[in-house]
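Structural description and commentary
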Amino acid sequence: MPTTKQLLSSVEVARFTAQGFLRLDGVVPPEMNEEALGVFTAGTLPDVAYGTPVPAAFPEGSFTRRLLGLPVVAGALESLVGPDPAVDHHFVHTRPPHEGSAQPLHADALIDLRADAFDVQLMYYPQEVTAQMGGTLVVPGSHLRRTNESDTGRYQNLRGQTRLTCPAGTVLLLHHGIWHGGRRNDSDTVRHMYKIRFNPTVPQVRLWDTQDLDSPDVREELRRTFPWYEYATGRLEIHNRILLWRSLSGDPGFDIDHWATRITNRPTAPAASAPAAQRSTA
């Protein structure tokens, strides 16, 4: 297994910026998935105070520290929140068999209005998640549409939503503002999902592998639309992600189809010309 952190590309970070999540299928090895089920069932994960650095929250050799140290996981996290993030909180979400109810659609960011920074929530699935087991519902491209926590709970289904079915060992990285919810478990199997929220401790500017920063595929990812967007209001989502990409890329002039440039255009009056020098009449 590689031991070097695998940073994301610019195209992948642009995809995260547009969709609000990044999916890493089956990246945790089977032996760790088996270990995770034992850890989660035993309830032996440590209590962690808000804002604790990762090394202090999860000692060297602990299950969570090894999970976060997997090269693909470590590289993706560093690409989005930078090195040495703080742990906001962590929790194992357990869904019993045939529970009969689903979690309302919601966003976790009740009062978080940052437009140029974001937390990342890691969701780890140690088991294969089938459609009958429910999985996590995510609405792509919803993360920059500000909402008051569970105000979206009255919506049962949105066009283009995704319900995560995945192989064991899958990791999902989410922007803190994305609309999501745990679906009910109609199977005979207990379903576990381990969530950790990370706070950045450095500016989130060009933290990834920027070799492809000028690739046309970056713009294609950022201009993507999703089926639930309204024809007119949905354009605001692209505008919002332009502003976020300007911050992430450190390029204040970045734009798509002149949208952000057009609405920030404030021409100033030209400076008054200096009076012409008097001609000498010697």
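Let me sum up the structure you'll find in this document. Note that this is a predicted model, so its numbers are computed, not measured.

1. Focus on the sheet that holds strand β3 (residues 86-95)
Taken together, six strands build an open sheet; the order of strands is β1-β7-β4-β9-β3-β2 and the sheet is antiparallel. Looking at which strands have only one partner, the edges of the open sheet turn out to be β1 (21-24) and β2 (52-53). Two strands pair when backbone bridges link them, and β2 and β3 are joined in this way by two bridges, in the antiparallel orientation. If you follow P53 over to β3, its bridge partner there is A86. Along the sheet, helix α1 (residues 10-19) contacts β1, β4 (120-125) and β7 (170-175); its crossing angle with β1, the most-contacted strand, is approximately 125°. Where helix α5 (residues 71-81) meets the sheet, its contacts fall on β1, β4, β7 and β9 (191-199), and the angle it forms with β4 comes to roughly 160°.

2. Description of the nonpolar core
As a rule of thumb, nonpolar side chains are buried together in soluble globular proteins. Grouped together as the largest cluster of nonpolar side chains are 49 residues, with contacts concentrated most on L122, Y124, L173, F198 and W245. Counting twelve residues, the second-largest nonpolar core is a separate cluster that includes C166, L172, L174 and M193.

3. Re the environment of G160
Counting through the fold element by element, G160 comes out in the loop between β5 (136-138) and β6 (162-163). Judged by its relative accessible area of 35%, G160 is partly exposed. Residues G160 and R266, spaced 106 residues apart in sequence, show a C-alpha to C-alpha distance of 38 Å. Setting aside its immediate chain neighbours within four residues, G160 contacts P140 and P227.

4. A word on the sheet that holds β6
Spatial ordering of the open sheet is given by β6-β5-β8, a layout of three strands whose pairing is antiparallel. Edge positions in the sheet fall to β6 and β8 (180-182), since each has one partner strand and no second. Sheet topology places β5 next to β6; two bridges connect them, and they run antiparallel. When the bridges of β6 are listed, L137 appears paired with R163.

5. Let's talk about the packing of aromatic side chains
Two numbers describe a pair of aromatic rings. These are the distance of the centres and the angle of the planes. For the structure shown, the criterion picks out ten aromatic pairs. Ring geometry for F40 against F63: centres 6.2 Å apart, planes inclined by 90°, an arrangement best described as edge-to-face. With a gap of 23 residues between them, F40 in helix α2 (residues 30-42) and F63 in helix α4 (residues 63-69) connect regions that are remote in the sequence. Accessibility classification places F40 together with F63 in one group, the buried group. Ring plane angle 70° and centroid distance 6.3 Å describe the contact between F40 and Y124, whose orientation is recorded as edge-to-face. Separated by 84 residues along the polypeptide, F40 in helix α2 and Y124 in strand β4 bring together distant segments of the chain. Y124 shares its class with F40; the two are buried.

6. Considerations on the side chain of T52
Along the chain, T52 falls in strand β2. For T52, a relative accessible area of 17% puts it in the buried group. Within the local environment of T52, its side chain forms a polar contact with the backbone oxygen of A49, the two atoms lying 2.6 Å apart.

7. Examining the packing of α1 against helix α7 (residues 235-249)
Two numbers describe how α1 lies on α7: the axes approach to 10 Å, and their chain directions differ by 140°. The orientation of α1 with respect to α7, classified from their angle, is oblique. Considering only the axes of α1 and α7, their crossing is right-handed. Contact residues: S10, V13, A14, T17 and A18 in α1; R241, L244, W245 and L248 in α7. Looking at the contact of α1 with α7, its residues break down into six nonpolar, two polar and one charged.

Cut-offs and rules
- Residues numbered from 1 in each chain as written.
- Predicted model: local features only at pLDDT ≥ 70, side-chain atom pairs only at ≥ 80, totals over all residues.
- Heavy atoms only, no water.
- Pairing = 2+ DSSP bridges.
- Helix = DSSP H or I, 4+ residues; strand = E, 2+ residues; numbered from the N terminus.
- Contact = heavy atoms within 4.5 Å.
- Axes fitted to C-alpha atoms, helices over the stretch in contact; angles between N-to-C directions.
- Core = buried A, V, L, I, M, F, W, Y, C linked by side-chain atoms within 4.5 Å.
- Buried < 20%, exposed > 50% of the residue type's maximum accessible area, 1.4 Å probe, protein only.
- Phe/Tyr/Trp six-rings, centres within 6.5 Å; stacked < 30°, edge-to-face > 60°.
- Polar contact = N/O pair within 3.5 Å; in protein donor to acceptor, adjacent residues only side chain to side chain.
- Parallel < 35°, antiparallel > 145°, perpendicular 65-115°, else oblique.
- Left-handed = near helix turned anticlockwise from the far one by under 90°.
- Nonpolar A, V, L, I, M, F, W, Y, C, P; charged D, E, K, R; others polar.

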